[in-house]
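# Per-entry structural report
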Amino acid sequence: MAARRKTNNLLGLAVLGYLTQRPMYPYELSRTLRDNNDARSVKFSHGSLYMVVGQLAKAGLITEQEVVREGQLPERTLYAITDAGRVEFRGWLGQLLAEPQHEYPQFVAALSLIAALPPDQAVELLTARLTRLAEQRSEIRSGIDQALGTGLHPLFLIEEEYRLAMLEAETAFVAGFIDKITNAETGWGPLWAQFHHQTANEGHTP
């Protein structure tokens with residue numbers, strides 16, 4: 001059974017992770033999230049970040065280390081992770097790595113309803129998806145190669161390697177699905193089209 005977390009917002013996990021490196025002000029956390037392109041993995045905004053920081057502080061996972069006020073500028077609070085926060089971070093991260101979670105991808109939802117479309121339209125849309133998948137794979141591959149070219153260790157690009165692997169797997173699935181519909185000998189297209197023709201006739205009012 002998954003452990004009950006004091007917050008389930010993945011932005012909180014990212015904040016705890018960065019605070020294990022050193023204490024930071026919220027604006028530093030925001031900049032670090034942006035600089036590391038974490039928006040590709042974790043949804044966040046200026047407001048949501050401050051909300052999560054407040055939740056983590058209330059839960060005792062981070063603490064105010066220093067409050068600084070310079071002239072007429074608003075107060076800035078430096079936050080540090082607590083011992084309880086380190087325990088929470090390691091347990092939470094370990095759970096996410098070790099235990100597969102049931103998720104609800106939008107593409108899976110679309111596939112569950114695809115029979116409602118005629119086969120020729122389904123093939124057209126899936127072919128368009130293949131084109132976009134190829135573009136995304138190319139973009140990620142280029143980004144990885146550029147980052148490696150600067151000397152960055154591959155460990156710090158592992159999430160991009162995962163994204164690339166998922167896109168490649170999806171590409172193979174979609175291409176195979178198209179073949180299952182269009183194959184001249186075994187394709188599902190004719191039966192699928194017949195189903196739509198029958199449905200259309202049944203729903204037609206003379």
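Below: a short report on this structure.

About the thresholds
Residues numbered from 1 in each chain as written. Predicted model: local features only at pLDDT ≥ 70, side-chain atom pairs only at ≥ 80, totals over all residues. Heavy atoms only, no water. Axes fitted to C-alpha atoms, helices over the stretch in contact; angles between N-to-C directions. Helix = DSSP H or I, 4+ residues; strand = E, 2+ residues; numbered from the N terminus. Parallel < 35°, antiparallel > 145°, perpendicular 65-115°, else oblique. Left-handed = near helix turned anticlockwise from the far one by under 90°. Nonpolar A, V, L, I, M, F, W, Y, C, P; charged D, E, K, R; others polar. Contact = heavy atoms within 4.5 Å. Salt bridge = Lys/Arg side-chain N within 4 Å of Asp/Glu carboxyl O. Buried < 20%, exposed > 50% of the residue type's maximum accessible area, 1.4 Å probe, protein only. Phe/Tyr/Trp six-rings, centres within 6.5 Å; stacked < 30°, edge-to-face > 60°. Lys NZ or Arg CZ within 6 Å of the ring centre and 35° of its normal.

### A look at the packing of helix α6 (residues 119-149) against helix α7 (residues 158-182)
The interhelical angle for the contact between α6 and α7, taken along N-to-C directions, is 160°, at an axis separation of 9 Å. Judged by the angle between their axes, α6 and α7 are roughly antiparallel. In terms of crossing hand, the pair formed by α6 and α7 is left-handed. Of the residues in the contact of α6 with α7, the class split is 14 nonpolar, four polar and eight charged.

### Some thoughts on the packing of helix α1 (residues 10-19) against helix α3 (residues 46-58)
When two helices pack together, their arrangement is given by the angle between their axes and by how far apart the axes lie. The geometry of α1 relative to α3 is characterised by a closest axis approach of 10 Å and an angle of 70° between their N-to-C directions. Considering the angle they form, α1 stands roughly perpendicular to α3. Residues L11, G12, V15 and L16 of α1 touch α3, and the partners they reach there are S48, L49, V52 and L56. The residue inventory of the contact of α1 with α3, partitioned by class, reads six nonpolar, two polar and no charged.

### A closer look at the pattern of salt bridges
Throughout the structure, instances matching the rule amount to six salt bridges. A salt bridge links R22 to E28; its shortest N-O distance comes to 3.3 Å. For E28, a relative accessible area of 11% gives the class buried. Among the ionic pairs, D145 bridges to R141, the shortest N-O distance being 3.3 Å. Residue D145 and its partner R141 are both found in helix α6; the two are separated by four residues, about one turn of the helix.

### Observations regarding the packing of aromatic side chains
The geometry of two aromatic rings is summed up by the distance between their centres and the angle between their planes. Under the defined criterion, the tally for this structure stands at three aromatic pairs. With 5.7 Å between their ring centres and 15° between their planes, Y25 and Y27 make a pair best called stacked. By relative accessible area, which is 12% here, Y25 ends up buried. Overall, the relative accessible area of 36% leaves Y27 in the partly exposed class. For the pair F173 and F177, a centre-to-centre distance of 6.1 Å together with 40° between the ring planes defines the contact as tilted. One end of the pair is F173 and the other is F177, both in helix α7 and four residues apart, which spans about a single turn. By relative accessible area, which is 41% here, F173 ends up partly exposed. An aromatic cluster is present here, built from F173, F177 and W188 joined pairwise through their rings. One Lys or Arg, R129, reaches over the ring of F107 and ends 3.7 Å from the middle of that ring.

Nothing here speaks to function; it is all geometry.
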